[in-house]
Amino acid sequence: MSTRLELLWIEKYRPKKLDDIVDQEEVIQGLKNLLKGDIKEMPHLLFAGPPGTGKTTTALALAREIYGGQWRDYVLELNASDERGINVIRERVKIFAQYFTPSEKAPFKIVILDEADMMTSEAQTALRRIMEINARVTRFILICNYITRIISPIQSRTAIFRFKRLPKEGAIQYLKMICDSEGVECSPDVLDKIYEASLGDLRKAINLLQSVSTVTGGKPTVKDVESIVGKATPEAIVKMIDALRMGDFNSARNLLFDFISVSNLDGQEVIKLIFNELMMRNLLQPEVAEVLAEYEYRILTSAYYEIQLTALLAKLSRLLGSRGQ
Ligand SMILES: Nc1ncnc2c1ncn2[C@@H]1O[C@H](COP(=O)(O)OP(=O)(O)OP(=O)(O)O)[C@@H](O)[C@H]1O
Ligand SMILES: [Mg+2]
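The structure contained in this document is the topic of the report that follows.

Thresholds applied
Residues numbered from 1 in each chain as written. Chains lettered and ligands numbered in written order. Predicted model: local features only at pLDDT ≥ 70, side-chain atom pairs only at ≥ 80, totals over all residues. Heavy atoms only, no water. 1 Å grid on protein atoms, 1.4 Å probe; cavity = no way out; pocket = protein on both sides within 12 Å on 5 of 7 lines; lining within 4 Å. Points joined across faces, edges and corners; volume = space filled by probe spheres on them. Domains from an automatic or database assignment. Helix = DSSP H or I, 4+ residues; strand = E, 2+ residues; numbered from the N terminus. Contact = heavy atoms within 4.5 Å. Polar contact = N/O pair within 3.5 Å; in protein donor to acceptor, adjacent residues only side chain to side chain. Axes fitted to C-alpha atoms, helices over the stretch in contact; angles between N-to-C directions. Left-handed = near helix turned anticlockwise from the far one by under 90°. Nonpolar A, V, L, I, M, F, W, Y, C, P; charged D, E, K, R; others polar. Near = heavy atom within 4 Å. Areas by Shrake-Rupley, 256 points an atom, 1.4 Å probe, with all protein chains shown as cover.

1. Observations regarding the layout of surface pockets
Take a probe with the size of a water molecule and roll it over the atoms, and the empty space left behind shows itself.
Part 1 of the argument: Estimates place the volume of the second largest pocket at around 350 Å³.
Part 2 of the argument: Along the wall of the second largest pocket there are 14 residues; nearest its centre are Asp117, Met118, Met119, Thr120 and Ala303.
Part 3 of the argument: Residue assignment places the lining of the second largest pocket across two domains, with domain 1 (24-162) and domain 3 (235-324) each supplying three or more.

Laid out in structure tokens, this is it:
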């Protein structure tokens, strides 16, 4: 196998056709139905779901199905969390939509707007206007992780497609296909371990497979996977809870933020891991459970989950600290 990391496998193996997307059956079926109908009637779309489950890939595959080889001419990809904000989106969409005459082959152009849930509600209200103004010649595909962060006037004007974490079978089959194609020797245990660490995020699983294959010359073992995952395993969460029980808030916070930066998990996923670990260690007293539930809710509605997680640690350190010694 090649030991060069030049080409990322997540790009090399990004499916190009809707039929090649792993799982997400409901989404794919729904989109195929749209394509079967009068394409001019296609509504704006909203793709929601966890990271690495195929949202961007599906949006691009859909564009390919509609326009064929020339799809790039008809697609504008924007990121809503661009710091320059809604005015840039307005300008770019305006220029993109200008002078475009709809035809049979290309009845509209497509704007893919990633991370739409990172926009403030004011910006989303402005976005809704932009969508309306350009509705004759464009369709939007909005992409987000949390649908609850999208204002309801937008939700009600889009067809919503929910992406799910990839189940084990489909994900592992995909990893196996990559191993075969790259000449990587991977036992079922190794693939299981990779899937476990990925939490149903196929991007993460493929990246992990590529890293571990590269450092082992294509013969990774379970131990190799564990050592690469390192800080990104729930081990970091275990240590963080130990620190909280010792009343060491600062260490707990450092462990948590190291973990977040390495693992790329979001606030809700981190809370889930904390919840699981506390439950397994029989530390989930009623007050602790209430605090977790409260912060899980807060994180859903807050732009900076880091603040909420820090406050959560402060509370947990008070609740668990007295039990640590
Ligand atoms: N359902 C899937 N089928 C096949 N490959 C997938 C799927 N989901 C993810 N992948 C792989 O992971 C990579 C990342 O997927 P994609 O960019 O579509 O994720 P996403 O859902 O848009 O994530 P994010 O929310 O982080 O933007 C793809 O290039 C592809 O290799
Ligand atoms: Mg994406």
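Back to the write-up after that little detour.
2. Overview of the environment of Asn134
Part 1 of the argument: Structurally, Asn134 can be placed in the loop between helix H5 (121-133) and strand S4 (138-144).
Part 2 of the argument: C-alpha separation for the pair Asn134 and Phe161, spaced 27 residues apart in sequence, amounts to 22 Å.
Part 3 of the argument: Apart from the residues lying within four places of it in its own chain, the contact partners of Asn134 are Val93 and Ala97.
Part 4 of the argument: A distance of 2.8 Å separates a polar side-chain atom of Asn134 from the backbone oxygen of Ile130.

3. Quick notes on the packing of helix H9 (residues 202-215) against helix H10 (residues 222-229)
Part 1 of the argument: Orientation of H9 relative to H10, taken along the N-to-C sense of each, is 115°, at an axis distance of 10 Å. The two elements H9 and H10 meet at a crossing, and its hand is right-handed. Residues Leu208, Ser211, Val212 and Val215 of H9 lie in contact with H10, whose contacting residues are Asp224, Val225, Ile228 and Val229.
Part 2 of the argument: Class assignment of the residues belonging to the contact of H9 with H10 gives a composition of six nonpolar, one polar and one charged.

4. Examining the site of ligand 1
Part 1 of the argument: As a matter of local geometry, ligand 1 sits amid 19 residues, with Ile10, Gly52, Lys55, Thr56 and Thr57 nearest to it.
Part 2 of the argument: In the environment of ligand 1, a nitrogen atom lies 2.8 Å from a nitrogen or oxygen atom belonging to the backbone of Val22.
Part 3 of the argument: Here an oxygen atom of ligand 1 sits 2.5 Å away from a polar atom, N or O, in the side chain of Thr57.
Part 4 of the argument: Notes on ligand 1: free accessible area 630 Å², of which the protein chains cover 93%.
Part 5 of the argument: Contributions of two or more residues to the shell around ligand 1 are made by helix H3 (55-67) and H9.
Part 6 of the argument: Residues belonging to the shell around ligand 1 are distributed by class as follows: 10 nonpolar, six polar and three charged.
Part 7 of the argument: A domain split of the shell around ligand 1 shows at least three residues from each of domain 1 (24-162) and domain 2 (168-232).

Coordinates in, geometry out; function isn't part of it.
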